[in-house]
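Results of the structural survey
One letter stands for each residue in the lines below.
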Amino acid sequence: MVEPATARDTQLATKVVPLLKDELDIVIPTIRNLDFLEMWRPFFQPYHLIIVQDGDPTKTITVPDGFDYELYNRNDINRILGPKASCISFKDSACRCFGYMVSKKKYIFTIDDDCFVAKDPSGKPINALEQHIKNILSPSTPFFFNTLYDPYREGADFVRGYPFSLREGVPTAVSHGLWLNIPDYDAPTQLVKPLERNTRFVDAVLTIPKGTLFPMCGMNLLFDRQLIGPAMYFGLMGDGQPIGRYDDMWAGWCTKVICDHLGLGVKTGLPYIYHSKASNPFVNLRKEYKGIFWQEEIIPFFQAATLPKDCTTVQKCYIELSKQVKEKLSKVDPYFDKLADAMVTWIAAWDELNPSGAPAKVANGKA
């Protein structure tokens, strides 16, 4: 059985030197008081928080003293985006992507409020943010798999037979972390394995190869906002929509296709967080059941998706993907026609709030 670190454990941890303190925002979607921040205080307090309050905007969310933060509720989203606020989900954690849009920092770390500090096998509290930063600041190797995983980690290197022409790697756009305790399962798996817990700590980071998709989880994720930010749209989910719990996966599929096209890397593995509680599998099934069928057509769509050479920015890539979604996935369900329109609205809203912050042109993995 694994246990989370306590607030006292983290306070007693080695003094933390905050990396990228002025270049990184932490985005947290929530409907409740953020008491969980106490255990993260030694790791998160030096950073700026962007809290996106979901649900009832009249409810007061309390944040522990000492944190630097801004908080946005639905009224704020409507005020800032006007009619374009229609692209931001309501009553769903997909609302977090509004925080990505209003941030002015280079990097975004996003975490759910039921994610606690995990311990490594020695019992030491894991500074998840520090490991994510190490991942994102070192190159990725999407074009050739290294059997010692991330060759840039201490104690590892490229193995015999790895092409020297590829050892420079490419910029890393996404660092995808994992979870101890409650696994990120779909509802059918939850129902047949209600007591299953993840106790396996795998000390590995690897680059997801080019051409390979993955199910991205948004509860322990860091990305380079300047390199890939406009692709991190978590779609239309929750209130008024026929589907939920596919927000982060939709963003992950779009992001991976665009990263592959632009020559950027995605890493997964360390760091771990402690996922504290399982959501209700019956509620999850109601949210997921259409997606469980649809994904059998969505995934082949993304596997086959190609982007033209003149798509040299994330925005151009994303608009092109939206056209393909409308053309091919709207046959699956009219929802995808609506989603494709929302993707276009998202990019328009992003560019409106970030008029001079468009990502640099990327070619052959060079920013």
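Further up the page is the structure itself.
Heads up: these notes are all about the structure in this document. Owing to the predicted nature of the structure, the values given are computational and were not obtained by experimental measurement.

Here is what the cut-offs are and how they apply
- Starting from 1, residues in each chain are numbered consecutively following that chain's sequence as written.
- Local features are withheld for residues below a pLDDT of 70 in this predicted model, meaning they are given only at 70 or higher, and side-chain atom pairs are given and counted only at 80 or more; totals for whole chains, interfaces and linings count all residues.
- By convention in this description, side-chain values take in all heavy atoms of the structure and omit both hydrogens and water.
- Helix and strand definitions here come from DSSP, where helices need a minimum of 4 consecutive H or I residues and strands a minimum of 2 consecutive E residues; each element is numbered from the N-terminal end.
- By definition in these notes, contact holds between two residues if any of their heavy atoms fall within 4.5 Å.
- The cut-offs for exposure are 20% and 50% of the maximum accessible area for each residue type, with area from a 1.4 Å probe on protein chains only; residues under the lower value are buried, those over the upper are exposed, and the others partly exposed.
- In the sections that follow, a salt bridge refers to a side-chain nitrogen of Lys or Arg positioned within 4 Å of a carboxyl oxygen of Asp or Glu.
- At least two DSSP bridges between two strands are required for those strands to pair.
- The path from the first strand over the helix to the second decides the hand: if it runs clockwise while the strands point away from the viewer, the crossover is right-handed.
- Aromatic contacts are taken between Phe, Tyr and Trp rings whose centres are within 6.5 Å, Trp giving its six-membered ring; a plane angle under 30 degrees counts as stacked, one over 60 as edge-to-face, and the others as tilted.

1. Details of the environment of Leu221
Turning to its location among the elements, Leu221 is positioned in strand β8 (residues 220-224). In the structure, Leu221 is positioned 109 residues away from Asp112 in sequence and 9.8 Å away in space, judged by C-alpha atoms. Once residues within four sequence positions are removed from consideration, Leu221 is found in contact with Ile108, Phe109, Thr110, His132, Val174, Ser175, His176, Met216 and Met232.

2. Concerning unusual backbone geometry
Each neighbour pair has its own omega, and for Leu270 with Pro271 the value is 10 degrees, a cis peptide bond. Residue position: Pro271 is located in strand β9 (residues 265-275). Positive phi is not limited to glycine here, since Lys91 has a value of about 60 degrees. Assignment of secondary structure puts Lys91 in the loop between α3 (74-81) and α4 (97-102). By relative accessible area, which is 53% here, Lys91 ends up exposed. Even without glycine at this site, Tyr149 takes up a positive phi of about 60 degrees. Structurally, Tyr149 can be placed in the loop between α5 (128-137) and β6 (172-181). Look at Tyr149 and you get partly exposed, because its relative accessible area is 39%.

3. Overview of the pattern of salt bridges
The tally for this structure, following the rule as stated, stands at 15 salt bridges. Residue Glu38 is joined to Arg41 by a salt bridge in which the shortest nitrogen-to-oxygen separation is 2.9 Å. Taken together, the positions of Glu38 and Arg41, both in helix α2 (residues 37-44) and three residues apart, correspond to about one turn of that helix. Here Arg41 falls in the buried class, since its relative accessible area comes to 19%. In this structure, Lys267 engages Asp150 in a salt bridge whose closest nitrogen and oxygen atoms are separated by 2.9 Å. Taken together, the residues Lys267 in strand β9 and Asp150 in the loop between α5 and β6 connect sequence positions 117 residues apart. Given a relative accessible area of 5%, Asp150 falls into the buried group. Put simply, Lys326, Asp337 and Asp341 are held in one network by salt bridges that share partners.

4. Examining the pairing of strand β2 (residues 48-53)
For β2, a buried count of six out of six residues is recorded, marking the element as mostly surrounded by other parts of the structure. Both faces of β2 are covered, namely the face carrying His48, Ile50 and Val52 and the face carrying Leu49, Ile51 and Gln53. Pairing between strand β1 (residues 24-30) and β2: six bridges, direction parallel. Opposite Ile28, over in β2, you have Ile51 as the bridge partner. One crossover worth recording links β1 to the parallel β2 by way of α2, and it is right-handed. Across five bridges, the pairing between β2 and strand β3 (residues 68-72) is parallel. Bridge pairing links Leu49 to Tyr69 in β3.

5. Some thoughts on the packing of aromatic side chains
Counted under the stated rule, the structure contains 20 aromatic pairs. Linked through ring pairs, Trp250, Trp253, Trp294, Phe301, Phe302, Tyr335 and Phe336 together constitute an aromatic cluster.

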